[in-house]
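Summary of structural features
Listed below, chain by chain, are the residues.
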Amino acid sequence: MTKGKLDPHQPDQKGASISLKGTFIAVMLLGVFILVSWFALYALFLSR
Amino acid sequence: MHLHKYEKIWLIFGMGSLALFLAIIGFAAFWKGIHPQSHIETIDPQNIEAHDAFKPENLGLHEVADGKYIVNIVASAFNYDFGTDENGNAVKTIRVPKGSTVLYQITTKDVVHGFQVAGTNINMMVEPGHISRFETVMKNTGEFTVVCNEYCGIGHHLMFGTVEVYE
């Protein structure tokens, strides 16, 4: 039993090479959607 | 701790959004003075006439200064009491000029009611034992329907009125 791999406190070096591009785009789309809808409703509040 | 470059970006974006909305809440509450409409001001629901604003002769629309109005209303199942006109008929329409500042003061003698002027920002809960207040500038002309939006009993749908904003 080697150490390293089974030790949860050791970062998995392979993680750095995983592509997160799709995740990044999905997170940003959701974030922009939340911000845009919030400000659209705030504009509605101010106009009334 | 190793973080992926994209992870850093979306964490900063997320924390930035939290900080932005927290700042907006602080701005609204402390600078603009936006609070729950009851302001925790109490009144005896059995004896609302003891309060000046809700004496029968003080109900309805009053001009207190140039362009400033107060509307006193008593909600009860299933009616909004806007006072009476000079002929003694119940007022059902409140008429104010465009751009006027109107303070709505409302309380209830019986159960929980709502006071929403559809199409404006006026939307309050009316709870027995509390006075709900909302001050706003009537920016847009038109006829706006006042509706009760808290189910108050069998005649809930009969509870309505009108606010008319003219040029």
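Right, let's walk through the structure included here. Fair warning: this is a prediction, and the values are worked out from it, not measured in the lab.

Taken together, the contact between chain A and chain B spans 17 residues of the former and 15 residues of the latter. When chain A packs against chain B, close to 1600 Å² is buried across both sides, 74% of that on carbon and sulfur atoms. Together, Leu20, Phe24 and Arg48 of chain A form the three largest contributors to the area buried by chain A at its contact with chain B, with a combined 36%. Our enumeration of links across chain A and chain B arrives at 4 residue pairs in polar contact (both at pLDDT 80 or more). Its residues assigned to classes, the side of chain A that touches chain B shows 12 nonpolar, 3 polar and 2 charged.

This brings us to the sheet that holds strand E7 (residues 123–126) of chain B. Residues and elements named next belong to chain B. Pairing is mixed across the open sheet formed by 5 strands, whose spatial order is E4-E10-E9-E6-E7. Of all strands in the sheet, those with a lone pairing partner are strand E4 (93–97) and E7, marking the two edges. Shown here is a sheet whose adjacent strand axes are inclined to one another by a mean of 15°, direction ignored. Relative to strand E9 (residues 142–147), strand E6 (residues 113–117) runs antiparallel, the two sharing 2 bridges. By the bridge assignment for E9, valine 117 is matched with valine 146.

Calculation criteria
- Residues numbered from 1 in each chain as written.
- Chains lettered and ligands numbered in written order.
- Predicted model: local features only at pLDDT ≥ 70, side-chain atom pairs only at ≥ 80, totals over all residues.
- Heavy atoms only, no water.
- Contact = heavy atoms within 4.5 Å.
- Buried area = accessible area lost by both parts, 1.4 Å probe.
- Polar contact = N/O pair within 3.5 Å; in protein donor to acceptor, adjacent residues only side chain to side chain.
- Nonpolar A, V, L, I, M, F, W, Y, C, P; charged D, E, K, R; others polar.
- Pairing = 2+ DSSP bridges.
- Helix = DSSP H or I, 4+ residues; strand = E, 2+ residues; numbered from the N terminus.
- Axes fitted to C-alpha atoms, helices over the stretch in contact; angles between N-to-C directions.

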